[in-house]
Amino acid sequence: ADVMRVDYFNLVTQADIARKIGRSRQLVHQYMTGARGPGRFPPPVCEISDGTRVWLWCEVAAWLWENDMIKEEVLRDARQIEAINSVLELEWQKKENRELTADVIRAVSSTA
């Protein structure tokens, strides 16, 4: 079996965020709308079929840490998990379609 992810917690709902930081969904909603907190909460990355919006935990964790709402180790863990998952996904893509993946990597590398 191939490992594709070490954790699914990179995509989070409003409820997930509230649970992770030990706050109410209402307070998290207020952060999102700018009614409370410093504003500029990260935008959701997508909306799933039932209208539920999801955010990248790594982006939310960065915002929370910048605004002294979580410890640095929580942000570090979120970033490490995101990096590990990205590498595992790339390795899987290479195995599934080596030529296409190599073309994409070349194209992306040439624009960086």
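Look a little higher up for the structure.
Okay, so let's go over this structure. (Residues numbered from 1 in each chain as written. Predicted model: local features only at pLDDT ≥ 70, side-chain atom pairs only at ≥ 80, totals over all residues. Heavy atoms only, no water.)

**Observations regarding the nonpolar core**
And then number 1: Core analysis: the biggest nonpolar cluster contains 19 residues, and Ile17, Ile21, Phe41, Trp55, Trp57, Val60 and Leu64 have the highest contact counts within it.
And then number 2: Of all the secondary-structure elements, those providing two or more residues to this core are α1 (14–21), α2 (25–33), α3 (57–66) and α4 (72–96).
And then number 3: Examining the composition of this core, we find that six residues originate from one element, α3, more than from any other. (Core = buried A, V, L, I, M, F, W, Y, C linked by side-chain atoms within 4.5 Å. Buried < 20%, exposed > 50% of the residue type's maximum accessible area, 1.4 Å probe, protein only. Helix = DSSP H or I, 4+ residues; strand = E, 2+ residues; numbered from the N terminus.)

**Topic: the pattern of salt bridges**
And then number 1: Per the stated rule, a full pass over the model turns up three salt bridges.
And then number 2: When the shortest N-O distance is used, the salt bridge between lysine 94 and glutamate 91 registers 3.4 Å. Of this pair, lysine 94 and glutamate 91 both sit in helix α4, three residues apart, roughly one helical turn.
And then number 3: A salt bridge links arginine 106 to aspartate 103; the nearest nitrogen and oxygen atoms lie 2.4 Å apart. Here the residue arginine 106 and the residue aspartate 103 both occupy positions in helix α5 (residues 98–111), the gap between them amounting to three residues, near one helical turn. (Salt bridge = Lys/Arg side-chain N within 4 Å of Asp/Glu carboxyl O.)

**Things to note about the packing of α1 against α3**
And then number 1: Following both chains from N to C, one finds α1 and α3 inclined at 45°, their axes separated by 12 Å at the closest point. The angle between α1 and α3 falls in the class oblique. Along this stretch, α1 crosses α3, giving a crossing that reads as right-handed. Residues Ile17, Lys20 and Ile21 of α1 form the contact with α3, whose own contacting residues are Trp57, Val60 and Leu64.
And then number 2: Per-class residue counts for the contact of α1 with α3 are five nonpolar, no polar and one charged. (Axes fitted to C-alpha atoms, helices over the stretch in contact; angles between N-to-C directions. Parallel < 35°, antiparallel > 145°, perpendicular 65-115°, else oblique. Left-handed = near helix turned anticlockwise from the far one by under 90°. Contact = heavy atoms within 4.5 Å. Nonpolar A, V, L, I, M, F, W, Y, C, P; charged D, E, K, R; others polar.)

**Points about the sheet that holds strand β1 (residues 11–12)**
And then number 1: With antiparallel pairing, the three strands of this open sheet are ordered in space as β1-β3-β2. What marks the edges here is a single partner per strand, and that holds for β1 and β2 (46–47).
And then number 2: When β2 meets strand β3 (residues 53–56), the two strands line up antiparallel, connected through two bridges. Directly across from glutamate 47, in β3, lies its bridge partner arginine 53.
And then number 3: Against the sheet, α3 contacts β1 and β3, and its axis sits at roughly 70° relative to β3. (Pairing = 2+ DSSP bridges.)

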